[in-house]
Amino acid sequence: MRKEVRPLLENLAVSFYMASPPPEDIVGFLIANLQRQASLPAPEEGGLDEDERLETKEMEENIKELQAQCAQLQKALSRK
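Residues numbered from 1 in each chain as written. Predicted model: local features only at pLDDT ≥ 70, side-chain atom pairs only at ≥ 80, totals over all residues. Heavy atoms only, no water.

1. Quick notes on helix H3 (residues 50-79)
Compared with the 44 Å implied by 1.5 Å per residue over 30 residues, the 44 Å span of H3 between its first and last C-alpha is a close match. One side-chain oxygen at the N-terminal end of H3 lies 3.3 Å from the backbone nitrogen of aspartate 51; it belongs to aspartate 49. (Helix = DSSP H or I, 4+ residues; strand = E, 2+ residues; numbered from the N terminus. Expected span 1.5 Å × (residues − 1). Polar contact = N/O pair within 3.5 Å; in protein donor to acceptor, adjacent residues only side chain to side chain.)

Laid out in structure tokens, this is it:
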């Protein structure tokens, strides 16, 4: 994380704050900079296909389950 993700995020932050005037489309600006810095292809255009929708739904369910588990753990820790 520290050797790959952090430097990338720092470079994106520097690019953003050095932009004059500040970009109105922040997400688009960050995606474009990430593509340039990491030599990545452009993201796919359009909506999600059926497999992606199912994967997204499954991921959302997993997140809800994990949030419930976190809430239970926090509740148990607060009792002690």
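Now that the structure has been shown, we can carry on.
2. Topic: the confidence of the model for the chain
Taken over all residues, the pLDDT of the chain has a mean of 89, while the share at 70 or more is 100%. The element-level mean pLDDT for the chain is lowest in helix H2 (residues 26-38), coming to 89, with H3 highest at 93. (pLDDT = per-residue confidence, 0-100.)

3. Re the packing of aromatic side chains
If you walk through the whole model with that rule in mind, you get two aromatic pairs. On the basis of an interplanar angle of 80° and a centroid distance of 5.3 Å, the ring pair of phenylalanine 16 and tyrosine 17 is categorised as edge-to-face. Using a relative accessible area of 69% as the deciding quantity, one classes tyrosine 17 as exposed. (Phe/Tyr/Trp six-rings, centres within 6.5 Å; stacked < 30°, edge-to-face > 60°. Buried < 20%, exposed > 50% of the residue type's maximum accessible area, 1.4 Å probe, protein only.)

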